Structure formats: C-alpha cells, structure tokens
Amino acid sequence: MTPSPAIHSTATRLPAIVSTLPQLRAAVAAARQEGRTIGLVPTMGALHAGHVSLVEASLQAGHFTVVTIFVNPTQFAPHEDFAKYPRTLAEDQAALGQAGADLIYAPAAEEVYPPGHSTTVNPPAVAERWEGERRPGHFRGVATVVLKLLLSAQPDVAYFGQKDYQQTCVIRQLVADLDVPTAIEVRPTIREPDGLAMSSRNRYLSGPQRQQALALSRALAQAGRRHERGERDASRLMQGMRDELSAAGVTQVDYAVVVDAQTLEPLQQIERPAVALVAATVGATRLIDNLLLGK
Ligand code: AMP
C-alpha cells in the first residue's frame, strides 16, 4: 500500500490571513463561541524569534492566538523608514504556522485608517521623553493603533516585548487610563547568541555595522554588572555606557541613560527599580535596547 503523502509531510498548517475588521471579528467570535480565550500579539511583521516568543507565550496560556501584522504609517515620522520597512508576509505566515498561531490579521492601511479618520489617542506623560522626544508623533501613532487593535480583537491578554520598553510603559498606562479590559503581558527581550537584541531592522546592518551594534548590549550589560556590584550612582553608570559606545565607534547616540523604571524620569541615586535605556544609529539604522536594573 502506498502511504498517504500526508503521513510523511512535514508541512505545518498555515494560519489563515484575514484583512478586514468584520473577518477578524467573525473569527474571534467563533473562537469565543467554542469557549476559547483570546491572546493578541501586535507586530509590524518581518518576524523573528522575539515575535515568536510572544506567540508562544499566548499559546502556552491556552489562548486562541491572533497575530496582527500591520506596518502602521502613523508611528513613522516623514523621514523614517516606513517605505522600506521589510514586508515579508509569506515568510511570516510560515513562521507563525510553525509556532502554531491561530489567525493573522493583516489589514491594509485604509482598513485601519479609512478616509476621514481623524481621531487619535493623546499618549500619556511617560511617552514624553526619550523615544517621544526623538520621534515626534511616534507614540501618538502607537497608542492610536494599539487601542484600535485592542478594540478590534477584544483580547483577554495582549503580549508585548520588553525590547520596546517605553512602549510597554505607554501601553500599560493607556490601558489603565482608558479602562481597556485587556491584561497586558510584557515578555523578556530575545537576543542573538552574541547579545544583539533581535529586531526586524537588524537586517539593514552590514557585517561591520553589526559588530558595532553589539556595543549597545555590551554597554547595558556593563551597567547591569556594575549595578549588581553595588554601584548606585546613575551618572557613573551612564558615563560607562557612553564610553563603551564611543570605544566601538558608535557616535550617533540619541540617549544612553539610567532612569526610573516606572516614570522614565532621570535619577541620580538608584534607590528604586531603574532601567538603562539606549538608542543609537549605526550606519543608517536606528537601534534601541534596554536592561532592567532591580533595586
Ligand atoms: P515590532 O514588529 O517591532 O513592532 O514588534 C512587535 C512586538 O514584538 C513588540 O511588542 C515588540 O516589543 C516585540 N519584540 C520586538 N523585538 C523583540 C525581541 N527581540 N524580543 C522580544 N520581543 C520583541
């Protein structure tokens, strides 16, 4: 008897892709009908192991897991990389099939922002410094699209990466302030073996630039070690971070700071949980990374 090809197939089931809000709502309603809870993983696609870790967290919690893939135009400033941001939907669908995600929502820009759309979310105070200062309008775009996605899918839990630390602060505050009935879960940053935080933008880096980019995670790790050994003077830790970056030839540093982990306000002495934040441009690629410093 000839075995059925299916028995030998290693192909995984590809999650369905829907692109309209009614389709998303129908799929979520069907899952709810079956008694499922809903987990949402918002992304801009070009997926890597960091994104997949969020999907796995949602699946492990037993949720019907919806991944959104939407390169949100409103969170990019005019001079930023919106047009050239990587778009790899077929590969993303395959990776999500491997991971076991249930559904992909990949709307067109007009689905999210139909003609006449004019309401936006004014982001909370924690959006003001750092990324907010360097990327005017960015967090307004993030807050608006995240609220829309939360209202669209109405998940029980939404998953975000610590990689975008300030974004997680903005989203937690937004959800608290606007009584959004979704739990926000923040998962650790997934790194390459050499320490580089995974990012869809890493693919822009040449070999030598990638080597230089390692200075970001090295600077953070150094701050972490010194903090563990008892250093509590934020300015000394920040000087160490700047030294590490400049030794590697990373000169376009937007910020390399140690700040309050909750408010993101500058600190002198570290007496509460703090976070080291760094943003720098290597070649033409802007990178961010961070490390939590416990008490
Ligand atoms: P993005 O596609 O860059 O908008 O990211 C989508 C989600 O994945 C956000 O919640 C990010 O914080 C998260 N993410 C991105 N990179 C990583 C990483 N290296 N580790 C964990 N989560 C990540």
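What counts, and at which threshold
Residues numbered from 1 in each chain as written. Predicted model: local features only at pLDDT ≥ 70, side-chain atom pairs only at ≥ 80, totals over all residues. Heavy atoms only, no water. Axes fitted to C-alpha atoms, helices over the stretch in contact; angles between N-to-C directions. Helix = DSSP H or I, 4+ residues; strand = E, 2+ residues; numbered from the N terminus. Parallel < 35°, antiparallel > 145°, perpendicular 65-115°, else oblique. Left-handed = near helix turned anticlockwise from the far one by under 90°. Contact = heavy atoms within 4.5 Å. Nonpolar A, V, L, I, M, F, W, Y, C, P; charged D, E, K, R; others polar. Phe/Tyr/Trp six-rings, centres within 6.5 Å; stacked < 30°, edge-to-face > 60°. Buried < 20%, exposed > 50% of the residue type's maximum accessible area, 1.4 Å probe, protein only. Lys NZ or Arg CZ within 6 Å of the ring centre and 35° of its normal. Pairing = 2+ DSSP bridges.

Novice: Looking at this structure, how should I read the packing of helix H7 (residues 138-153) against helix H8 (residues 165-177)?
Specialist: Between two packed helices, what matters for the description is the angle formed by their axes and the separation of those axes. Direction vectors running N to C along H7 and H8 enclose 55 degrees, while the axes themselves pass 10 Å from each other. It follows from the interaxial angle that H7 and H8 lie oblique. As for the relative orientation of H7 and H8, their crossing is right-handed in sense. Judged by residue contacts, Phe139, Val142, Ala143, Val146, Leu147 and Leu150 of H7 engage Gln166, Gln167, Val170, Ile171, Leu174 and Val175 from H8. Its residues placed into classes, the contact of H7 with H8 shows 10 nonpolar, two polar and no charged.

Novice: Just to check I follow, could you spell out the packing of aromatic side chains for this structure?
Specialist: Remark: the centre distance and the inter-plane angle together describe each pair of aromatic rings, the angle taken between the planes. Taken as a whole and assessed by the stated rule, the structure comprises four aromatic pairs. Both rings, one in Trp130 and one in Tyr255, keep their centres 5.5 Å apart while their planes meet at 55 degrees; by these two values the pair is tilted. Here the residue Trp130 occupies a position in the loop between helix H5 (109-112) and helix H6 (131-134), and Tyr255 occupies one in strand E7 (residues 252-260), the gap between them amounting to 125 residues. Take Trp130 and Tyr255: they sit in the same class, and that class is buried. A network of ring pairs unites the aromatic residues Phe76, Phe82 and Tyr85 as a single cluster. The ring of Tyr204 is capped by Lys84, whose NZ or CZ atom sits 4.2 Å from the centre of that ring. The ring of Phe82 carries Arg87 above its face, with NZ or CZ at 4.9 Å from the centroid.

Novice: In this structure, what is going on with the sheet that holds strand E8 (residues 274-282)? I would like to understand it.
Specialist: Strands in a sheet are paired, the pairing made by backbone hydrogen bonds, and the direction either parallel or antiparallel. Pairing in this open sheet of three strands is antiparallel, and the strands run E7-E8-E9 from one edge to the other. Looking along the sheet, the strands with just one partner apiece sit at the ends: E7 and strand E9 (285-293). Strand-to-strand twist across the sheet, computed as the mean angle between neighbouring axes with direction ignored, equals 10 degrees. Pairing geometry for E8 and E9, over nine bridges, is antiparallel. By the bridge assignment for E9, Val275 is matched with Leu292. Relative to the sheet, helix H9 (residues 207-228) contacts E8 and E9, its axis offset from that of E9 by approximately 15 degrees.

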